[in-house]
Amino acid sequence: MKAVQFSEYGGPEVLRLVEVDEPHAGPGEVRIAVRAAGVNGIDWKIRSGFMRQNMPLTLPAGTGRDAAGIVDEVGAGVRDVAVGDAVFGAGSATFAEYAVLTGWALMPVGLSFEEAAGYPVPVETANRILNQIGVQPGETLLVSGAAGGVGSAVLQFARQRGITVIGTASERNQPYLRSLGAVPTTYGPGLVERVRALAPNGVDAALDIAGSGVIPDLIALTGEPTKVLSIADFSAPQYGAQVSSNSQNAPVAFALAARLFTQGAFHLPVEKTFPLAEAAEAQKRSAEGHVTGRLVVTIA
Ligand SMILES: NC(=O)c1ccc[n+]([C@@H]2O[C@H](COP(=O)([O-])OP(=O)(O)OC[C@H]3O[C@@H](n4cnc5c(N)ncnc54)[C@H](OP(=O)(O)O)[C@@H]3O)[C@@H](O)[C@H]2O)c1
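All of these numbers come straight from a predicted model, not from anything done at the bench.

Reading guide: rules and limits
- Residues numbered from 1 in each chain as written.
- Predicted model: local features only at pLDDT ≥ 70, side-chain atom pairs only at ≥ 80, totals over all residues.
- Helix = DSSP H or I, 4+ residues; strand = E, 2+ residues; numbered from the N terminus.
- Rg over C-alpha atoms; globule rule 2.2 N^0.38 Å.
- Buried ≥ 20, exposed ≤ 12 C-beta atoms within 10 Å, placed from the backbone.
- Arc of directions from axis to C-beta.
- Pairing = 2+ DSSP bridges.
- Contact = placed C-beta atoms within 7 Å.
- Near = placed C-beta within 6 Å.
- Nonpolar A, V, L, I, M, F, W, Y, C, P; charged D, E, K, R; others polar.
- Domains from an automatic or database assignment.
- Axes fitted to C-alpha atoms, helices over the stretch in contact; angles between N-to-C directions.

Engineer: Any chance you could break down the overall build of the protein for me, citing the residues and the numbers?
Structural biologist: Regarding its fold elements, the protein presents 9 helices and 15 strands. A globule of 300 residues ought to have a C-alpha radius of gyration of about 19 Å, and the protein, at 19 Å, matches this closely. Summarising its shape, the C-alpha atoms of the protein cover approximately 60 × 40 × 35 Å along the three principal directions. Counting every position in the protein, which comprises 300 residues, the buried fraction comes to 49%.

If you want it as structure tokens, here you go:
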């Protein structure tokens, strides 16, 4: 089959479209014929070698962890899906014609493969960090870096929970944040003053999604380090704030996103799709850090 792989750590240019043996589903897994694969920050961080201490790889290695497609192998013990079902989920080496998933949900009617491929990492992360920060209905949450994949999912899940959200993005994404139900403001100098003007009674909790060095500002706004959680700034614990990095209950979050999509209450727009042969360009765009919604690689 065709797959995107890298044989050395480095920039996007190390990615190659190659012929490799097909993977197979082990116990508790499914294999899909991939129709589309979501692009995540973790993909370029692993490829560049940034994660090699915590996540050592045997090279050559595939890339990508999110995908949507048609189940064509069901591993021992899997009972909730059958060959021929359309699913989206998370696994490994998903920038390929076939990939093995370890967690999934059935695709709801009306959801495209392109959009579904963008769900797994953002919806698992959003559900996990909202649970971990413990923000309650009626409270106000600040989300720094709200216009990308994770931020877009957090805003919509928070709205479902009855939480008021103030989100930050660049000027051009202010209308986008408003369309997801958030009160938008820009990031950069003066953030604390802008948020205080929008929330005179303070914010109850804050999530740092972009990892842009704002932990002290977020602590100033919540008044309490333990009410601040980051997914991308590993200096957060130095200030007494939390970091969250391990996937939890992914299929529960996938099913939640599918259910909300069916109700018309969830949507992750795809900013751009790339053919498999242009996977390097997709990861380059992701690493630049200004995606609105999602980037997706499509498999013909
Ligand atoms: N720890 C975990 O479990 C976990 C899970 C998923 C993702 N992550 C990490 O979390 C980060 C975000 O992921 P993502 O998928 O949401 O990324 P993404 O889709 O690439 O979105 C990044 C967003 O950050 C915004 N941004 C850029 N500079 C900013 C700044 N200085 N202040 C505030 N926002 C800024 C951009 O908005 P504008 O275009 O408007 O500038 C863009 O919408 C990545 O580093 C990713 O690797 C961690």
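Engineer: I'd like to hear about the environment of Val81, residue by residue, with values.
Structural biologist: With respect to the helices and strands, Val81 occurs in the loop between strand E5 (66-74) and strand E6 (86-92). Expressed as a C-alpha distance, the spacing of Val81 and Ala146, which sit 65 residues apart in the sequence, is 33 Å.

Engineer: Let's hear about helix H9 (residues 279-288): which residues, and what values?
Structural biologist: Residues of H9 that are buried: Ala279, Ala280, Ala282, Gln283 and Ser286. Seen end-on, H9 carries its buried residues on one side only, within an arc spanning 160 degrees. Where H9 ends, the next residue or the one after it, Gly289, has phi of about 80 degrees, a positive value.

Engineer: Outline the sheet that holds strand E1 (residues 2-6), supporting the account with residue identities and numerical values.
Structural biologist: Adjacent strands of a sheet form backbone hydrogen bonds with each other and so pair up, either parallel or antiparallel. The sheet built from 3 strands is open, its strands ordered E2-E1-E4 with antiparallel pairing. Each end of this open sheet is capped by a strand with a single partner; those strands are strand E2 (15-19) and strand E4 (61-62). Note: E1 against E4, 2 bridges, orientation antiparallel. Directly across from Phe6, in E4, lies its bridge partner Ala61.

Engineer: For helix H7 (residues 215-222), give the residues involved together with the corresponding values.
Structural biologist: The complete set of buried residues in H7 reads Ile215, Leu218, Leu221 and Thr222. Considered in projection along H7, the buried side chains sweep an arc of 125 degrees and stay on one side of the axis. Those residues of H7 that are buried lie in contact with strand E8 (140-144), helix H6 (191-198), strand E11 (205-208) and strand E12 (228-230). Positive backbone phi, approximately 75 degrees, marks Gly223, located one or two places after H7.

Engineer: Got a sec to walk through the site of the ligand? Specific residues and values, please.
Structural biologist: In the vicinity of the ligand, 32 residues are found, and the nearest of them are Gly41, Gly145, Gly148, Ser170 and Ser212. At the level of secondary structure, the elements contributing two or more residues to the shell around the ligand comprise helix H1 (41-48), helix H3 (120-133), helix H4 (149-160) and strand E9 (164-169). Within the shell around the ligand, the residues separate by chemical class into 12 nonpolar, 19 polar and 1 charged. Composition of the shell around the ligand by domain shows at least three residues from each of domain 1 (2-119 + 268-298) and domain 2 (123-243).

Engineer: How would you summarise the domain arrangement of the protein if you had to cite specific residues and measurements?
Structural biologist: According to the domain assignment, the protein contains domain 1 (2-119 + 268-298) and domain 2 (123-243). Using C-alpha coordinates to define each centre, domain 1 is positioned 27 Å away from domain 2. In this complex, domain 1 contributes 8 residues to the contact, which on the side of domain 2 involves 9 residues. For the side of domain 1 that touches domain 2, the class distribution of residues is 3 nonpolar, 4 polar and 1 charged.

Engineer: Can you lay out the sheet that holds E11 for me, pointing to particular residues and giving the numbers?
Structural biologist: Read from one edge of the open sheet, 6 strands run E10-E9-E8-E11-E12-E13, paired in parallel fashion. Of all strands in the sheet, those with a lone pairing partner are strand E10 (183-186) and strand E13 (242-243), marking the two edges. As judged from the 4 bridges shared by E8 and E11, these two strands associate in the parallel manner. Among the inter-strand pairings, Ser144 is bridged to a residue of E11, identified as Asp208. Taken strand by strand, H7 contacts E8, E11 and E12, and its axis lies near 165 degrees from that of E11.

Engineer: Please provide a residue-by-residue account of the pairing of E11, values included.
Structural biologist: Here E11 shows a buried face lined by Ala205 and Leu207 and a second buried face lined by Ala206 and Asp208. The sheet contact formed by E11 and E12 spans 3 bridges and is parallel. From the neighbouring strand, Asp208 faces E12, where its bridge partner is Ser230.

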